[in-house]
Amino acid sequence: MQLSYRVRSGDTLYKIAKRWEIPVESLISANLLSSPYTIYVGQRLSIPSGAEGLIAYFSSRGGHDDLWLFNPRTGANRPLTNGLGASFSTPVWSPDSRRIAFAGKNGVVYVVGVTTGSLAGIDQLDEGEGGVLDWSPDGRKLAYTKRDRILIYDVATHEAHSIQRPGATDVQWFPDGVWLLFQAPDASGISQLYQIRTDGTGQQQITRNTEGPLHNVRLSPDGAFALYTTPGVSISIIHTVELATGRVYEVKGGPLAKNYFPEWSPDSMHIAYSATAFEEGRGYYSQIRTVGRRGDNDRVRAVSDCFATPVSWSPNGRKIAYLSGCTEQEFADEMWVVDLRHPEPIRWLDGIRITALQWSPSADVERPEKITYFSPVYKIRLLYPSHWHRVSDERYEGPDGFFQVSAISAEADLGQVCRGEAFHPLRPYGSQPRIIKARVSGQEACFILPSKDQPAEMKGQSALIARYPRPVVIGGTVYPYFILWADRGHIAGLSSTLAFVP
């Protein structure tokens, strides 16, 4: 549930977060606050709570189109890939929320482990192929189409088999894991929906379509209904079909008959979609709408300033995430969520290009041992323990350690820079620190380890100094060196995961 709260005298962010039993980082993120996080009496704050699961999205926030994860509860973002996505990439969660599949750069199909960080490229699609991927109910296999074939790939054994079916697209699994739904032309070349067993037998035609092509086919989670849009892009009408009877229902939709990105709710009872609208002085925008599976109770839930936006349901079906911020550019740069029980949408992310999103099907996503820290300012990424919390953009810490990042603008050689840091007049590393030459991420570097007489308040602080592959410019100043501070127990492990990014 997301509520609005008016700041009172004596309030602080910490007190408000504690009162509502939410992380202060989540409160900061929901209200787009920036350092020093000042609030004032009478200010109205959005209170996010109960946001579950993770949202996978594609963004160029790191300089390339990549897969990212957003945690609605903490407000944290972390990348899962580095330079592998494309503008058309869409994340597809496995049913257990442990893996994400997507078609990326050059049509390569990837599978990413959410908690393990594992990455596998399993196939490459031809240019122009749809790239619709669907996980089997047990999360072991992926189904997709390629070169007039339905392909079924086992991600555990890395074995695949295919079913020849010219023109097939939008293949999806029925809940029993035995049958597949797909779109393909009939003998007359008219688009229809079919079902077939995974061994290629028992093909059955479901629809008796006599009109235009069927796009954006989606099977309901319970396997009882399917939806599709027709006939094309300029005019796009949503229909649902009850598979047991073959009865087709038309969704009235938005005012311009431009209805896009339909998605089933987790309970299969409703559909969320984006409907384009137009107003004089405002131009084109989209309505975020929901409708029953037989076309009933069609309602506007929120609006986006994008011509159209993908939508995604929360695991419990109470919230819908969508994109906005398309005022002066083609792509969205905001992520919003609307709670169907409360009418006021909340902005979760802004200032970054976002092209696709999907909420995890499970609210209980296993917590990884380590997660990725990425700094677009200092141009680095590394892995740190997942139980550490954010203190600032540059510092994270936990009960067993910490790290902090920065850069050094000195023009001296590396040896002089390392000695200058190690023997700083305040003696932060004690009177006899050790300097160890090293190479980290292919770059000349040094470690600084404290001596036994280091002050206790320094908490075992050690350091890594490394030469950037190319100096970075921050606020108009050139910085040739990167520096990482961390406790002695974690400095080596953190440094081993360090990577410099463009």
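Everything discussed here concerns the structure shown above.
None of these values were measured; they are calculated from a predicted model.

Rules behind the numbers
- Residues numbered from 1 in each chain as written.
- Predicted model: local features only at pLDDT ≥ 70, side-chain atom pairs only at ≥ 80, totals over all residues.
- Heavy atoms only, no water.
- Pairing = 2+ DSSP bridges.
- Helix = DSSP H or I, 4+ residues; strand = E, 2+ residues; numbered from the N terminus.
- Axes fitted to C-alpha atoms, helices over the stretch in contact; angles between N-to-C directions.
- Buried < 20%, exposed > 50% of the residue type's maximum accessible area, 1.4 Å probe, protein only.
- Arc of directions from axis to C-beta.
- Contact = heavy atoms within 4.5 Å.
- Disulfide = S-S within 2.5 Å.
- Salt bridge = Lys/Arg side-chain N within 4 Å of Asp/Glu carboxyl O.
- Phe/Tyr/Trp six-rings, centres within 6.5 Å; stacked < 30°, edge-to-face > 60°.

Trainee: How should the sheet that holds strand β3 (residues 55-59) be read in this particular structure?
Mentor: Strand pairing in a sheet relies on backbone hydrogen bonds, with the paired strands running either antiparallel or parallel. Pairing is antiparallel in the open sheet, where 7 strands are placed in the order β5-β4-β3-β29-β28-β27-β26. The strands lining the two open edges of the sheet, one partner per strand, are β5 (77-79) and β26 (311-313). For this sheet, the mean inter-axis angle between neighbouring strands, taken without regard to orientation, is 45°. Note: strand β27 (residues 319-324) against strand β28 (residues 332-339), 6 bridges, orientation antiparallel. Across the sheet, A321 pairs through a bridge with V337, a residue of β28.

Trainee: How should I be thinking about helix α4 (residues 488-496) in this particular structure?
Mentor: Listed as buried for α4 are H490, I491, L494 and S495. Relative to the axis of α4, the buried residues are bounded by an arc of 130° and lie together on one face. Among the exposed residues of α4, those pointing more than 90 degrees away from its buried face are G489, A492 and S496. Looking at the buried side of α4, the elements it contacts are β31 (380-385), β34 (401-408), β35 (434-440), β36 (443-449), β37 (461-474) and β38 (477-487).

Trainee: Please clarify how the state of the cysteines should be interpreted in this entry.
Mentor: Chemically, a disulfide is nothing more than a covalent bond linking the sulfur atoms of two cysteines. As enumerated under the stated definition, the model contains 2 disulfides in all. Disulfide partner of C306: C326, at an S-S distance of 1.9 Å. The disulfide joining C306 to C326 has a torsion of about 75° about its S-S bond and is therefore right-handed. One end of the pair, C306, is in the loop between β25 (299-304) and β26; the other, C326, is in the loop between β27 and β28, and 20 residues separate them in sequence. For the pair C306 and C326, a shared accessibility class is recorded, and that class is buried. A disulfide bridge connects C418 with C446, and the sulfur atoms are separated by 1.9 Å. Here the disulfide of C418 and C446 is left-handed, its torsion about the S-S bond being about -110°. Residue C418 is located in helix α3 (residues 414-422), and its partner C446 is located in strand β36; the two are separated by 28 residues in the primary sequence. This pair shows no difference in class: C418 is buried, exactly as C446 is.

Trainee: So what exactly am I meant to see when it comes to the pattern of salt bridges here?
Mentor: One side chain can pair with another of opposite charge once the charged atoms of both are near each other. Counting across every chain of the model gives 14 salt bridges. The partner of R347 in a salt bridge is E334, and the shortest N-O contact between them spans 3.4 Å. Pair noted here: R347 is in strand β29 (residues 346-359) and E334 is in strand β28, with a separation of 13 residues, a long-range link. We classify R347 as partly exposed; its relative accessible area is 28%.

Trainee: What am I meant to see in the packing of aromatic side chains here?
Mentor: Given two aromatic rings, one states the distance between the centres and the angle between the planes to describe the pair. Under the definition given, this model contains 20 aromatic pairs. Pairing Y373 with Y396 gives two aromatic rings, centres 5.5 Å apart and planes at 70°, and the pair type is edge-to-face. Highlighted residues: Y373 in strand β30 (residues 370-375) and Y396 in strand β33 (residues 395-398), separated in sequence by 23 residues. Here Y373 matches Y396 in class, with each residue buried. Centroid distance Y468 to F482: 6.2 Å. Interplanar angle 65°. Geometry classified as edge-to-face. Separated by 14 residues along the polypeptide, Y468 in strand β37 and F482 in strand β38 bring together distant segments of the chain.

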